[in-house]
Amino acid sequence: MYEKIFEKYSPKKDNLIYILHDIQDQHPQHYISEDAVSEVSEYLRIPFSHIYGVLTFYTMYSTKPRGKNVIRLCESPPCFLKGSENVLRKLKKTLDVKINQTTKDGLFTLELCACLGVCGNAPVMMINDDVYGNLNDEKIDKIINKIRGEK
Amino acid sequence: MTKLIKVSIDGLEVEVPDGTTILDAAKKAKKYIPTLCYHPDLKPTANCGLCVVEFENMDATKRACSTPAWEGMKVITNSNKLRKLRKSLLELILSNHDVACPTCDQNNKCELQDLANLFNVDDSIFPKILKKRPLDLDSFSIVRDSNKCISCGRCLIVCQEIQTVYALTEGGRGFDKVITTSFDKGMYDSPCVNCGQCTVYCPVGALREKNHKDFVWEALLDKSKYVVVQEAPAIRATLGEEFGMNPEEVTVGKMYAALHKLGFDRVFDTNFSADLTIMEEGTELITRIATGGTLPLITSCCPGWVSFMETYFPKRAENTSTCKSPQQMFGTLVKTYFAEKEKIDPANIVSVSIMPCTAKKFELARPEMKDSGYQDVDYVLTTREFIKMIKEAGIDFATLDEQKADNLMGAYTGAGTIFGATGGVMEAAIRTAYFVLVGKELDDLDIKAVRGMTGIKEATLTIPTKDFGEIKLNVVVAHGLSNARQVMEWVESGEKDYHFIEIMACPGGCVGGGGQPYGSSIADRARRGISLYKEDKDLPKRCSHQNPDVNKCYEDFLGKPNSEKAHKLLHTNYFERSKLNGEIIREITHKH
């Protein structure tokens, strides 16, 4: 099932992270299933449980199905000082989910993450590959509504 | 030669080889540095931080367990700053630990408890941040209590590097970090082979065996049940150390006495079926050599190894001896041979075995282990559980008068007793195979090349057989599953050509089993092995084919070794298992 991805990378252990990224990106629900781990384990000859350890260490990977758009809100101190708690409250309310939950329509998953490296624009979040900074309630409404409209 | 360096530990100069850790240098200077995650048998994980030290000539603290010493370093092992640091670390660990000492299996043997006590730690200083997780109870052998886990990482090193099983792994990070199995599914749904080495090395009781003790008590106190017990060779080499006796003493007579006192109706000995195993497995080896059967032959006494083979090297099933383990042979015979002889309804027999092993708990539950028409073995007690039972019954073990095992399945030879140490099965098999092939006993029964704690022991034996001239037998003994893996890789690549292979899953063999006392180190294992070899030396009969009870069992019941009846009752078959969760994929070998 993942032959196309494996073709891109030689079976070297160093390629684990890249392969996992590709598998996750390819999946409509942005996650890595047990079957996928099993195939990667065979391909790279890395024990299954090691890959599980890597998957759960990095917040960017998920072992459970997620929404079409994964929101990752920074919870590091700079964003916290600039009001990330308010952003979180607003997101929870707008989307009607708790942390690590997916909206009923399957459109959004709300997650927290460590520093995204753009502290100058704190508070910051990422939706899939796009970064959104200087967040406030109004901005959040605009972003969420825009994505909902694209559906 | 390694360069020697001079270091000062609390002002005391010592010379150590370059590369020595600060902790080892301090040991040489006879200076104590407290440790928790560190274990001398294992690579340091440097997780707990308790071994921090300071320096006279440098403003830093470093972890002694994992920092190599350097020329001219001046270590301070204790100071007010270090005491405060260590105390805070212990307080932090306790804030995330289920402090349930009175009910904990490892109470009084817990390394965290000892340290907390020594440092006068107050566990209420930090608020509890422990997020309770359910116990992992599904495995046949091992119970995992994540609430007690302090993430020291010892079990990971054992499971991944020493055993190369990879059942346990780290999941999550930061406060959410846990030692777990893949996808958090529990030990039952992992490739765990039930060796139980994780339980031996866990410092805090987060990993322990599945308890059978209460079931055994229930059977003992039930007048309608006839309770029969067998004890593995390793048990007698271990009990002494736990009851304040000379740890080198083999306490076989006292062990029988304790079992009679506990109320077992018949006290037999697994050493009997160890001798029986040699008769069956030795015959199998000779037949395979004589008829050009599949070689190398690999021993099958160790259920940890059998699961490992089924999971990682299923192609080697055809090489693995079809013999059941001594425990299972014994169990089958108790409910057939013994029941028949004594005219007892096997349905009323409860067959208990006392093993240094957690994998035996899995083995007894294998669905194919029912050749007697009943579950062949009902309960397995680990050494730890047995010790608890003796204490619970208030038996003063050290002062017991020595007794003998009961007749019929109690006699054993030196060959049976050395089964408990790595290389023992090999040595016992060679003694009997030599006798059968040559027609006389070996001049020197001690086969030193296969003894000792070296991970992989190879030897070539020249046997002047009476039927096919002089043959050379290449044998190898491996203990610890990483060594087993290495030997299997050699076999599969054709790099080495062996005829006979002994494998034990646990380092040191059964004396180092997963059911042995908590904290059993490599040194403890080596000592117990030596005790068994000493017992062997002192026994009048040292070869399995001389065992009177075994010979009688063949005469009266089984016929001859590898007879049809023996095959039906004493042999088994193997399965291929999934590397992901240990589930049976298919049957590979079939029972004939």
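The rules behind each value
Residues numbered from 1 in each chain as written. Chains lettered and ligands numbered in written order. Predicted model: local features only at pLDDT ≥ 70, side-chain atom pairs only at ≥ 80, totals over all residues. Helix = DSSP H or I, 4+ residues; strand = E, 2+ residues; numbered from the N terminus. Buried ≥ 20, exposed ≤ 12 C-beta atoms within 10 Å, placed from the backbone. Domains from an automatic or database assignment. Pairing = 2+ DSSP bridges. Axes fitted to C-alpha atoms, helices over the stretch in contact; angles between N-to-C directions. Contact = placed C-beta atoms within 7 Å. Nonpolar A, V, L, I, M, F, W, Y, C, P; charged D, E, K, R; others polar. Core = buried A, V, L, I, M, F, W, Y, C linked by C-beta atoms within 7 Å.

## Some points on the overall build of chain A
In step 1: Summing up its helical and strand segments, chain A has seven helices and four strands in all.
In step 2: Put simply, chain A runs from its N terminus to its C terminus through helices and strands in the order α-α-α-α-β-α-α-β-β-β-α.
In step 3: In terms of its C-alpha atoms, chain A occupies a principal-axis envelope of roughly 50 × 30 × 25 Å.
In step 4: Out of the 151 residues belonging to chain A, those deemed buried represent 29%.

## What about the domain arrangement of chain A?
In step 1: Domain boundaries assigned for chain A yield domain 1 (3-57) and domain 2 (69-150).
In step 2: Between the C-alpha centres of domain 1 of chain A and domain 2 of chain A there is a distance of 27 Å.

## What about the sheet that holds strand β5 (residues 74-76) of chain B?
Residue and element names in this part refer to chain B.
In step 1: Overall, mixed pairing links the five strands, which are arranged β2-β1-β5-β3-β4 in an open sheet. Of all the strands in the sheet, the pair left with one neighbour each is β2 (12-17) and β4 (58-63). Across the sheet, the axes of successive neighbouring strands diverge by a mean angle of 35°, strand direction being ignored.
In step 2: Two elements, strand β3 (residues 52-55) and β4, share four bridges in a ladder whose sense is antiparallel.

## Quick word on the environment of Thr322 of chain B
Residue and element names in this part refer to chain B.
In step 1: Inspection of the secondary structure puts Thr322 in the loop between α11 (303-312) and α12 (326-342).
In step 2: When the C-alpha positions of Thr322 and Thr413 are compared, they lie 23 Å apart, and in sequence the two are 91 residues distant.
In step 3: Beyond its immediate sequence surroundings of up to four residues, Thr322 is in contact with Glu284, His571, Thr572 and Asn573.

## A look at the interface of chain B and chain A
In step 1: Each partner contributes to the interface: chain B provides twelve residues, whereas chain A provides eleven residues.
In step 2: Of all the elements, strand β7 (residues 168-171) of chain B adds the most residues to the side of chain B that touches chain A, at three residues.
In step 3: A class-by-class count of the residues in the side of chain B that touches chain A yields four nonpolar, five polar and three charged.

## Some points on unusual backbone geometry
In step 1: The residue after Ala122 of chain A, namely Pro123 of chain A, is reached through a cis peptide bond having omega -5°.
In step 2: Here Pro123 of chain A lies in the loop between β2 (108-113) and β3 (125-127).
In step 3: Leu295 of chain B connects to Pro296 of chain B through a cis peptide bond whose omega is -5°.
In step 4: Note on placement: Pro296 of chain B falls in the loop between α10 (270-291) and β12 (297-298).
In step 5: Phi angles above zero are rare outside glycine, and Ala46 of chain B is one such case at about 55°.
In step 6: You can see Ala46 of chain B is positioned in the loop between α1 (22-28) and β3.
In step 7: Residue class for Ala46 of chain B comes out partly exposed when judged on the 16 C-beta atoms lying within 10 Å of it.
In step 8: Even without glycine at this site, Asp184 of chain B takes up a positive phi of about 60°.
In step 9: Structurally, Asp184 of chain B is set in the loop between β8 (178-181) and α5 (197-201).
In step 10: We classify Asp184 of chain B as partly exposed; it has 17 C-beta atoms within 10 Å.

## Overview of the pairing of strand β10 (residues 226-231) of chain B
All names here are of chain B.
In step 1: Within β10, six of the six residues are buried, which leaves the element mostly enclosed by the surrounding structure.
In step 2: Covered by surrounding structure in β10 are Tyr226, Val228 and Gln230 together with Val227, Val229 and Glu231, the residues of both alternating faces.
In step 3: Bridging between β10 and strand β13 (residues 349-355) involves six bridges; their strand directions are parallel. Looking at β13, one finds that Tyr226 is bridged to Ile349.
In step 4: Inspection of the sheet shows β10 paired to strand β11 (residues 266-267) by two bridges, in the parallel sense.

## What about the nonpolar core?
In step 1: Membership of the largest hydrophobic core comes to 180 residues, with the highest contact counts inside it found for Cys155, Cys159, Val228, Val229, Trp305 and Ala505 of chain B.
In step 2: Those residues in contact with Ala505 of chain B that lie beyond four places of it in its chain are Val193, Cys195, Cys302, Gly304, Trp305, Phe308, Ala359 and Leu481 of chain B.
In step 3: If you look at the next biggest cluster of nonpolar residues, it comprises 16 residues, including Val70, Leu110, Ala122 and Met125 of chain A.

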